[in-house]
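A structural walkthrough
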Amino acid sequence: MAALLGVKCLRAVEVEKLYHRFISRVFSATPTTNEDQPPPPSWTEGWRGLTNMLSTGARYHTPGFEERLREIVSTDRLIDTASCFQTPKVLLTSANMSFIPPVPYLFRNYEYAPGSESRYQGTSSRCTWEGIRATSAAPSLFEEAVYGACVRACASWRLCRATRHSRKWHRSDSLRFQDGGIVCNNPAAIVLHEATRIWPNRKVDCLVSLGTGSHPPKPKQGGFKDTIIQFIRSACDVDRIDEVLTDLMPRDTYYRFCPEGPEYDCQLNDASEEKLILMAITTELWLNTAEQSARVAKLVAMMRPPPSETPAQTVPPTITTATDETASERSRVGDQDISLSGSS
């Protein structure tokens, strides 16, 4: 979604339509070539998912996912998308699994000023769809994204990776990527760091972080299953970053919006229409509460440009970032607005 809003500059309504159009095809274990083709029976889907898991380590049909990404965002390189003035600066966070422990890796459509560099690994030369693919490679759902010399040189790699022996094609100069949520499920701090490297010596007046929803704490029942769940949720925690930014950033400059409710206690691949509608209704009700309405009104007033500014002065350069955890940040510096926004 962050890439569609940032790179493709689509409206939110258009992004929502694309999401509903392709989501059922993305979370599918069965290859489909016709968009209007009805989904396979549940037992067929379950059997196909099991065979995919045993052969590739991923439940869903990853080549089909890649095909849809190329269809939606084309094959343009990330850096080439920056040629349009209205295109914001975009980064997609992924986990570089080529090291122990894994480290953040940024797929971005910008470079840094001379003498300035980021502490994070990254590239601007990959295609937009490749960045989306890397940041979406959730373990057990989709295969790892492997980029490097072997991907460019080995024409049979795509065919061989569907076998159990595909790992032999991963040469030492290739990098393996998985879901960015593994190392930075809340990328707000990374975006703040990148802003200081792109626009050094500029004050960040406002940072907004948008969460994808959280559910109330539940008592731990004990047992091996709950222990594994605890480990996963600890690794993907988003609250610690929120607490640090709340403590360190000046008052009224940091806003985080993350609705809470039992409706958000769902699986990552839950794409049922009923669940999506329920979460949308819950989010709208949460935003319409007195507390959240006041925060939104204050944020809008802060972001609105002064009347004295001309339209040419208020066109905002933007950073958009995405992982599983939606994050959105916005800052005004002098006579320019710097918008930092994103989604999962």
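The coordinates are above.
First things first, this report covers the structure right here in the doc. Sequence order sets the numbering: in each chain, residues are counted from 1 along the sequence as written. Local features in this predicted model are restricted to residues whose pLDDT is 70 or higher, and side-chain atom pairs enter the listing and the counts only when it is 80 or higher, whereas totals over whole chains, interfaces and linings include all residues. Heavy atoms throughout the structure, all of them, feed into the side-chain values; hydrogens and water do not.

A few words on the overall build of the chain. Helix numbering and strand numbering both begin at the N terminus, where a helix is a DSSP run of H or I of at least 4 residues and a strand a DSSP run of E of at least 2. Along its length, the chain carries 13 helices and 10 strands. Of all 344 residues assigned to the chain, the portion counted as buried reaches 44%. Relative to all contacts within the chain whose residues are 6 or more apart in sequence, the contacts with residues 24 or more apart total 68%. A 1.4 Å probe rolled over the protein chains alone gives each residue an accessible area, and that area as a share of the maximum for its type sets the label: buried under 20%, exposed over 50%, partly exposed in between. Between two residues, a contact is recorded if the distance between any of their heavy atoms is within 4.5 Å.

For salt bridges, the criterion is a side-chain nitrogen of Lys or Arg within 4 Å of an Asp or Glu carboxyl oxygen. As enumerated under the stated definition, the model contains 12 salt bridges in all. Across the pair Arg133 and Glu66 runs a salt bridge, and its minimum N-O distance is 2.9 Å. Here the residue Arg133 occupies a position in helix H5 (residues 128–135), and Glu66 occupies one in helix H4 (residues 62–73), the gap between them amounting to 67 residues. By relative accessible area, which is 1% here, Arg133 ends up buried. By relative accessible area, which is 4% here, Glu66 ends up buried.

Turning to a nonpolar patch on the surface, a few remarks are in order. Each patch is assembled from residues with relative accessible area greater than 30% and no salt bridge, linking like charges that lie within 9 Å and nonpolar side chains (Val, Leu, Ile, Met, Phe, Trp, Tyr) that lie within 5 Å. Areas reported as accessible are Shrake-Rupley estimates using a 1.4 Å probe. Residue values count occlusion only from the protein chains shown. There is a patch of nonpolar side chains on the surface, built from Ile228, Phe231 and Ile232 and spanning about 310 Å² of accessible area. Along the chain, the position of Ile232 falls in helix H10 (residues 224–235). On the basis of relative accessibility, which here comes to 49%, the residue Ile232 falls in the partly exposed class.

Once that is clear, we can look at the pairing of strand S5 (residues 175–179). A pair of strands counts as paired when DSSP detects no fewer than two bridges linking them. Two strands pair when backbone bridges link them, and strand S1 (residues 89–96) and S5 are joined in this way by 3 bridges, in the antiparallel orientation. What sits directly across from Ser94, in S5, is Asp179. With 3 bridges joining them, strand S4 (residues 145–147) and S5 adopt antiparallel strand pairing. Residue pairing in the sheet places Tyr147 in a bridge with Leu175 of S5.

For this analysis, a ring pair means two rings from Phe, Tyr or Trp (six-membered ring only for Trp) whose centres lie within 6.5 Å, classed as stacked if their planes differ by under 30 degrees, edge-to-face if by over 60, and tilted for the remaining angles. Per the stated rule, a full pass over the model turns up 9 aromatic pairs. Between Phe107 and Tyr147, the ring centres sit 6.1 Å apart and the planes meet at 85°, which makes this aromatic pair edge-to-face. Remark: Tyr147 occurs in strand S4 and Phe107 occurs in strand S2 (residues 103–108); sequence separation between them is 40 residues. Since its relative accessible area comes to 0%, Phe107 is described here as buried. Judged by relative accessible area, which is 8%, Tyr147 ranks as buried. Pairing Tyr255 with Phe257 gives two aromatic rings, centres 6.4 Å apart and planes at 5°, and the pair type is stacked. Residue Tyr255 shares its accessibility class with Phe257, and that shared class is buried. Grouped by ring-pair contacts, the aromatic residues Tyr105, Phe107, Tyr147 and Phe177 constitute a single cluster. Just above the ring of Trp129 sits the side chain of Arg70; from NZ or CZ to the centre is 4.7 Å. Only when the NZ atom of a Lys or the CZ atom of an Arg is both within 6 Å of the ring centre and within 35 degrees of the ring normal do we say a charge sits over the ring.

The next subject is unusual backbone geometry. Cis geometry marks the peptide bond from Ile100 to Pro101, where omega comes out at -5°. Its place among the elements puts Pro101 in the loop between S1 and S2. Despite not being glycine, Cys9 shows a phi value in the positive range, around 55°. As for its position among the elements, Cys9 is in the loop between helix H1 (2–6) and helix H2 (12–26).

This part takes up the nonpolar core. Among the buried residues, those of types Ala, Val, Leu, Ile, Met, Phe, Trp, Tyr and Cys that are joined through side-chain atoms within 4.5 Å form a nonpolar core. By size, the foremost hydrophobic cluster in this structure holds 28 residues, and its most contacted members are Phe107, Phe142 and Phe177. Among the secondary structure elements, those contributing two or more residues to this core are H1, H2, H4, S1, S2, H5 and S4. Take this core: its biggest share by element is 5 residues, from H2. Ignoring any residue separated from it by four or fewer positions in sequence, one finds Phe142 in contact with Val26, Phe27, Ala58, Tyr60, Thr62, Phe65, Arg133, Ser136 and Ala137. Counting residues in each nonpolar core, the second largest holds 10 residues, with Leu106, Tyr110, Val191 and Ala195 among its members.

One can describe the packing of H2 onto H4 by two numbers: an axis separation of 10 Å at closest approach and a directional angle of 160°. When the axis of H2 is compared with that of H4, the two are roughly antiparallel. Judged by the sense of rotation from one axis to the other, the crossing of H2 with H4 is right-handed. On H4, the residues that touch Leu18, Arg21, Phe22, Arg25 and Val26 of H2 are Phe65, Arg68, Glu71 and Ile72. The residue classification treats Ala, Val, Leu, Ile, Met, Phe, Trp, Tyr, Cys and Pro as nonpolar and Asp, Glu, Lys and Arg as charged. All others, Gly included, are polar. In terms of residue class, the contact of H2 with H4 is built from 5 nonpolar, no polar and 4 charged. With axes taken as lines fitted to C-alpha atoms, and helix axes fitted only over the stretch in contact, angles between N-to-C directions fall between 0 and 180 degrees. Put simply, angles under 35 degrees are roughly parallel, angles over 145 are roughly antiparallel, angles from 65 to 115 are roughly perpendicular, and the rest are oblique. Here is the rule for handedness: rotate from the far helix to the near one, and if that takes an anticlockwise turn smaller than a right angle the crossing is left-handed, while a clockwise turn gives right-handed.

Right, let's get into the packing of H4 against H5. Geometrically, a packed helix pair is captured by the angle between its two axes and the distance between the axes. H5 packs onto H4 with a crossing angle of 140° between their chain directions and a minimal axis gap of 9 Å. With respect to each other, H4 and H5 are oriented oblique. The interaxial crossing formed by H4 with H5 has right-handed handedness. On H5, the residues touching Thr62, Phe65, Glu66, Leu69, Arg70 and Val73 of H4 are Thr128, Trp129, Ile132 and Arg133. Residue composition of the contact of H4 with H5, grouped by class: 5 nonpolar, 2 polar and 3 charged.

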